[in-house]
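Overview (structure and organization)
Each chain, written out:
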Amino acid sequence: MRFELDPELTDDVREQIIGMWTDVSNAGGSVGFVGQVTRADVEPVARVAFDGIAAGIDRLLVGYDEDGNVAAMLILVSKRFALAAHWRTVGRVMVHPRRQGRGEGAALMREGARVSREMGLEGLHITVRGGMGLERFYTPLGYREIGRLPGALRVAPGDDRDEVVMWLDLS
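Residues numbered from 1 in each chain as written. Predicted model: local features only at pLDDT ≥ 70, side-chain atom pairs only at ≥ 80, totals over all residues. Heavy atoms only, no water.

Observations regarding the overall build of the protein
If you tally the helices and strands in the protein, you get four helices and seven strands. Ordering the α and β elements of the protein from the N terminus gives β-α-α-β-β-β-α-β-α-β-β. Against the 2.2 N^0.38 benchmark of 16 Å for 171 residues, the protein shows a C-alpha radius of gyration of 15 Å, consistent with a compact globule. Seen along its three principal axes, the alpha-carbon backbone of the protein occupies a region of about 40 × 40 × 30 Å. Residue burial in the protein is summarised as follows: out of 171 residues, 44% are buried. (Helix = DSSP H or I, 4+ residues; strand = E, 2+ residues; numbered from the N terminus. Rg over C-alpha atoms; globule rule 2.2 N^0.38 Å. Buried < 20%, exposed > 50% of the residue type's maximum accessible area, 1.4 Å probe, protein only.)

Take a look at the structure:
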């Protein structure tokens, strides 16, 4: 997989991201949705993310497959607050379902940490949906759990999940 930080957000790249985001969501990925979604569901949420990237506030890391298609991504999201300018929140981490299980998610996260260090950042924050075992993915990459918001995520009536807060010290 070839990684690129801040690729040009052409219409094609945007469409590929929305398509992957839809596929990841429909495969059960916790990237902002629950249950089956359509491109029409994902597009307004993606548009907001694209606005922050296009403004240069947030940073997009894209992984491309051997044919040059979008196959993975994450966003380094700014808190938009001067006192937190030395770290970012990692958001919308996804690898296309056809490519999962190959270690590409871990490679994406390592590349995200590498470019964050180059940007001079001192830490990365991520939140994950409890009950899915996602902590087991992030812990070997150096992230540690620093807190939980009990029942903060309501994925369905009667199905509340913890929001697990994790941190990677880059210094």
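Now, onward.
Here's the deal with the sheet that holds strand E2 (residues 59-64)
If you trace the seven strands from one edge of the open sheet to the other, you get E1-E2-E3-E4-E5-E7-E6, paired in mixed fashion. Each edge of the open sheet is held by one strand with a lone partner, namely strand E1 (2-5) and strand E6 (144-156). Geometrically, the sheet is characterised by an average inter-axis angle of 25° between neighbouring strands, direction not taken into account. Examined bridge by bridge, strand E3 (residues 70-77) and strand E4 (residues 87-95) share five bridges and lie antiparallel to one another. (Pairing = 2+ DSSP bridges. Axes fitted to C-alpha atoms, helices over the stretch in contact; angles between N-to-C directions.)

What to know about the layout of surface pockets
Where empty space is left in the structure can be found by rolling a water-sized probe over the atoms. Its volume calculated, the largest pocket comes out at about 1,100 Å³. Ser30, Val31, Arg92, Val93 and Tyr138 are the residues nearest the centre of the largest pocket, which is lined by 44 residues in total. Elements that contribute at least two residues to the lining of the largest pocket include exactly helix H1 (11-26), helix H2 (39-54), E3, E4, helix H3 (104-118), strand E5 (123-129), helix H4 (135-138) and E6. Here the lining of the largest pocket takes seven residues from E4, the largest share from any one element. Broken down by class, the residue content of the lining of the largest pocket amounts to 23 nonpolar, 12 polar and nine charged. (1 Å grid on protein atoms, 1.4 Å probe; cavity = no way out; pocket = protein on both sides within 12 Å on 5 of 7 lines; lining within 4 Å. Points joined across faces, edges and corners; volume = space filled by probe spheres on them. Nonpolar A, V, L, I, M, F, W, Y, C, P; charged D, E, K, R; others polar.)

Focus: the side chain of arginine 88
The residue arginine 88 is located in strand E4 in this model. Nearest to the buried, unbridged arginine 88 among oppositely charged side chains is aspartate 58, at 6.0 Å. A distance of 3.0 Å separates a polar side-chain atom of arginine 88 from the backbone oxygen of alanine 85. When sequence neighbours within four positions are dropped, the list of residues in contact with arginine 88 reads Leu76, Val77, Ser78, Leu121, Gly123, Leu124 and His125. (Lys, Arg positive; Asp, Glu negative; His and termini not counted. Salt bridge = Lys/Arg side-chain N within 4 Å of Asp/Glu carboxyl O. Polar contact = N/O pair within 3.5 Å; in protein donor to acceptor, adjacent residues only side chain to side chain. Contact = heavy atoms within 4.5 Å.)

Focus: unusual backbone geometry
One non-glycine residue, aspartate 6, lies in the positive phi region at around 55°. With respect to the helices and strands, the residue aspartate 6 is situated in the loop between E1 and H1. Note on aspartate 6: relative accessible area 30%, which makes it partly exposed. Positive phi, close to 55°, is recorded for arginine 92, a residue that is not glycine.

A closer look at the environment of threonine 22
In this fold, threonine 22 is placed in helix H1. Placed 20 residues apart in sequence, threonine 22 and valine 42 show a C-alpha to C-alpha distance of 6.4 Å. If sequence neighbours within four positions are ignored, threonine 22 has contacts with Val37, Thr38, Arg39 and Val42.

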